[in-house]
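One letter stands for each residue in the lines below.
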Amino acid sequence: MTLIDALGIEHVACHGARIVSLVPSITELLCDLGLAPQIVGRTGFCIHPAGVVSSIAKIGGTKDINVQKIQVLAATHLVVNIDENEKPTVDALAAFIPTVVVTHPLQARDNLDLARLMGSIFCVEEQAEAWCKEFETEYAALQAAPKGPPQTMLYCIWQDPWMSISRGTYIASMLAEIGWQVPDLGSEERYPCFDWSAQLLDRIDGVLLSSEPYRFTEEHANALKKRIGKRVQLVDGEMMSWYGSRSLAGLRYLRQLAQESLPS
C-alpha cells in the first residue's frame, strides 16, 4: 500500500515509532489499534479512551502546545490535522520531529483511508483492517436505515459570536448521510460566523446545537427556540465531528437521529 497523507506526502512503515498526536480523535484510533504504548505525547483534549490516555504525557492543547515538553519526548512521528492544528505550530515541531503525518478526513468513508494509513505507517495493518470491517458493517446499516424527508439544518458550534459549519466539512458530510444539509452562509470560511436574519430562518428547517466545542445545554436550546420559533435540538458533538474510532458510534448515532426524524 502507498502511504500518502493529506498533503500528498509519502511515508514509510516504521516499527517502534514514538508518536505525538495532536488530534484527539486520532489518538483514540491509535489506541484502539493497539498503539498506546508508542504514543509518548497527546493533547489535553485527547480524552478517549480515558483509562488508556491517562498515562500518556499531556503536552498542551491542539493549538497551544508546549514545545519544550515535546522536545524531551524524542518523538519520531507527529500526527496532525489540517482543521485542528495550526501550521506555525506544526512547522515548529517539524524542526525536530522527523516525520509529520497530516490528516484531513472530509467524509464518513474517509475513515477507512485514515485507519489504513495509520495501520500501515505504524505496522498494525491487521488491526486496521479489522476496524475497517466494523466500519463497513455500521455504514451499511446506516444506508439501509429508513430516513425522513430531506431537511436543511443549521449546525451551531459557538455563540458570541454565533458560528456554524460550511458544506465542505466532515460534520456536514455526516449530516448528509441522513439527508440533512447545512445552509450556504455565503462565506468561504469553513466555520463561518452568522446572524439570525429573517432570510436565514426562512431557509432552514431547524437548528442543531453541538455539545462541543461550545457546550450548548437545554437552557440554550429552550431560549433559542423561543427566540427564533424553529425546532432546536441538542446533538453530541463527538458523534458528529470525531472521525477515527468514534465514527463507529457516530454512524449509530446518525441512525438514531434519522429514526427520530421519521414522520409519526
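Structure: see above.
None of these values were measured; they are calculated from a predicted model.

Definitions and cut-offs
- Residues numbered from 1 in each chain as written.
- Predicted model: local features only at pLDDT ≥ 70, side-chain atom pairs only at ≥ 80, totals over all residues.
- Heavy atoms only, no water.
- Core = buried A, V, L, I, M, F, W, Y, C linked by side-chain atoms within 4.5 Å.
- Buried < 20%, exposed > 50% of the residue type's maximum accessible area, 1.4 Å probe, protein only.
- Helix = DSSP H or I, 4+ residues; strand = E, 2+ residues; numbered from the N terminus.
- Contact = heavy atoms within 4.5 Å.
- Pairing = 2+ DSSP bridges.
- Right-handed = clockwise from strand over helix to strand, strands pointing away.
- Phe/Tyr/Trp six-rings, centres within 6.5 Å; stacked < 30°, edge-to-face > 60°.
- Salt bridge = Lys/Arg side-chain N within 4 Å of Asp/Glu carboxyl O.

### With respect to the nonpolar core
By size, the foremost hydrophobic cluster in this structure holds 54 residues, and its most contacted members are Met118, Phe122, Tyr155 and Met240. Contributing elements (two or more residues each) for this core: helix H1 (24–32), helix H5 (110–121), helix H6 (125–144), strand E7 (151–156), helix H7 (170–176), helix H10 (237–241) and helix H11 (246–260). When sequence neighbours within four positions are dropped, the list of residues in contact with Tyr155 reads Met163, Ser164, Ile165, Ile171, Leu175, Leu208, Ser210, Val235, Gly237 and Met240.

### So, the environment of Val20
Within the secondary structure layout, Val20 lies in strand E3 (residues 19–21). Judged by relative accessible area, which is 0%, Val20 ranks as buried. With 150 residues separating them in the primary sequence, Val20 and Tyr170 have C-alpha atoms 23 Å apart. Among residues more than four places away in sequence, those in contact with Val20 are Val40, Gly41, Ile70, Leu73, Ala75, His77, Leu78 and Val79.

### Details of the pairing of strand E4 (residues 39–42)
The pairing of E3 with E4 spans three bridges and is parallel. Bridge assignment links Ser21 to a residue of E4, and that residue is Arg42. Once you follow E3 into H1 and on to E4, the crossover reads as right-handed.

### What to know about the pairing of strand E6 (residues 99–103)
The two faces of the sheet receive side chains in turn, since in a regular strand these alternate between them. Counting buried positions over the five residues of E6 gives four, a clear majority of the element. With helix H4 (residues 87–94) bridging strand E5 (residues 77–81) and the parallel E6, this β-α-β connection has right-handed handedness.

### Topic: the packing of aromatic side chains
Counted by the stated rule, this structure contains nine aromatic pairs. Between Trp162 and Trp196, the aromatic rings sit 5.2 Å apart at their centres with planes inclined by 80 degrees, giving edge-to-face as the arrangement. Pair noted here: Trp162 is in the loop between E7 and H7 and Trp196 is in the loop between strand E8 (180–181) and helix H8 (198–203), with a separation of 34 residues, a long-range link. Trp196 carries the same exposure label as Trp162, and that label is buried. Taken together, a centroid distance of 5.0 Å and an interplanar angle of 80 degrees make the contact between Phe194 and Trp196 edge-to-face. This pair shows no difference in class: Phe194 is buried, exactly as Trp196 is. Taken together, Trp158, Trp162, Phe194, Trp196, Tyr214 and Phe216 form an aromatic cluster joined through their ring pairs.

### What to know about the pattern of salt bridges
Taken as a whole and assessed by the stated rule, the structure comprises eight salt bridges. A salt bridge links Asp83 to Arg190; the shortest N-O distance between them is 2.9 Å. Of this pair, Asp83 sits in the loop between E5 and H4 while Arg190 sits in the loop between E8 and H8, placing them 107 residues apart in sequence. Salt-bridge contacts for Glu238 lead to Arg246; the nearest nitrogen and oxygen are separated by 3.4 Å. No difference in accessibility class separates Glu238 from Arg246, as the two residues are buried. Where salt bridges share partners, they join Glu28, Glu238 and Arg246 into one cluster.

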